[in-house]
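One letter stands for each residue in the lines below.
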Amino acid sequence: MTERTLSIIKPDATRRNLTGKINSKIEEAGLRIIAQKRVRLSPAQAGKFYAVHKDRPFFSELVEFMSSGPVVVQVLEGDDAVSKNRAVMGATNPAEADPGTIRKEFAVSLTENSVHGSDATESAAVEIAFFFADVEIVG
Ligand code: CMP
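Model, not experiment: these values are computed from the prediction.

Student: Please clarify how the site of the ligand should be interpreted in this entry.
Tutor: Taken together, K10, Y50, H53, F58, L62, T92, R103, L110, T111, N113 and H116 form the complete shell of residues around the ligand. The contact in question runs from an oxygen atom of the ligand to an N or O atom on the backbone of T111, over 3.2 Å. The side chain of N113 places a nitrogen or oxygen atom 3.2 Å from an oxygen atom of the ligand. Computed on the free molecule, the ligand has an accessible area of 450 Å², of which 80% lies beneath the protein chains in the complex. Of all the cavities here, the one that holds the ligand is the largest pocket.

Student: Is there a simple way to explain the pattern of salt bridges in this structure?
Tutor: Note on pairing: side chains with opposite charge can pair once their charged atoms come close. For the structure on display, the rule yields 4 salt bridges. A salt bridge links K25 to E105; its shortest N-O distance comes to 2.9 Å. Pair noted here: K25 is in helix α2 (residues 19–28) and E105 is in helix α6 (residues 102–106), with a separation of 80 residues, a long-range link. Residue class for K25 comes out buried when judged on its relative accessible area of 16%. Classification of E105 by relative accessible area gives partly exposed; the value is 44%. Linking K37 and E136 is a salt bridge whose minimum nitrogen-to-oxygen distance equals 3.2 Å.

Student: Before we go on, may I ask you to explain the pairing of strand β3 (residues 71–79) in this structure?
Tutor: Along a regular strand, successive side chains alternate from one face of the sheet to the other. For β3, the tally of buried residues reaches 8 of 9 residues, placing the bulk of the element in the interior. The pairing of strand β2 (residues 32–39) with β3 spans 7 bridges and is classified as antiparallel. From the neighbouring strand, R32 faces β3, where its bridge partner is E77.

Student: Can you walk me through the sheet that holds β3 in this structure?
Tutor: Taken together, the 4 strands give an open sheet; going across it, the order is β2-β3-β1-β4, and neighbouring strands pair in antiparallel fashion. Only two strands of the sheet have a single partner each, and these edge strands are β2 and β4 (115–117). Across the sheet, the mean angle separating the axes of adjacent strands is 20 degrees when strand polarity is ignored. Across the sheet, helix α5 (residues 81–89) is in contact with β1 (2–9), β3 and β4; its angle to β1 comes to roughly 35 degrees. Against the sheet, helix α7 (residues 121–131) engages β1, β2, β3 and β4, with an angle of about 55 degrees to β1.

Conventions and cut-offs
- Residues numbered from 1 in each chain as written.
- Predicted model: local features only at pLDDT ≥ 70, side-chain atom pairs only at ≥ 80, totals over all residues.
- Heavy atoms only, no water.
- Near = heavy atom within 4 Å.
- Polar contact = N/O pair within 3.5 Å; in protein donor to acceptor, adjacent residues only side chain to side chain.
- Areas by Shrake-Rupley, 256 points an atom, 1.4 Å probe, with all protein chains shown as cover.
- 1 Å grid on protein atoms, 1.4 Å probe; cavity = no way out; pocket = protein on both sides within 12 Å on 5 of 7 lines; lining within 4 Å.
- Sits in = over half its atoms within 2 Å of the grid points.
- Salt bridge = Lys/Arg side-chain N within 4 Å of Asp/Glu carboxyl O.
- Helix = DSSP H or I, 4+ residues; strand = E, 2+ residues; numbered from the N terminus.
- Buried < 20%, exposed > 50% of the residue type's maximum accessible area, 1.4 Å probe, protein only.
- Pairing = 2+ DSSP bridges.
- Axes fitted to C-alpha atoms, helices over the stretch in contact; angles between N-to-C directions.
- Contact = heavy atoms within 4.5 Å.

Encoded structure:
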């Protein structure tokens, strides 16, 4: 089924100029980048985006990292886009990620893990609306 999902290229990756290499992996997996912009999140915005994790021990480190530099936020579209993107990203912890995945090739650590992807179609809809107006998404 055709789905949409939110992807974020995180500050560790933009800092190392990896946006194009990560986009290639996404496109080679058969996903289309139908919206994209580079933004700098404030700590308040990063905290709001990751509010679901607010009681986890890594929350403050995550917010500090996600606001430490530019991110590239994207809407990806394709067949089973949510699970397809999670497959191309690899496991959250790069030490556990499969060869060929974005996190295996590029991630620095569990926090600085290069990319975020929505975990379900319901959260994707909320996360896409967090960053994009309908007119900015051109499928
Ligand atoms: P992401 O998919 O963006 O969702 C939440 C982020 O929190 C996760 O990727 C990691 O970057 C970060 N994180 C840091 N520590 C942990 C942890 N112990 N478990 C899960 N996520 C973590």
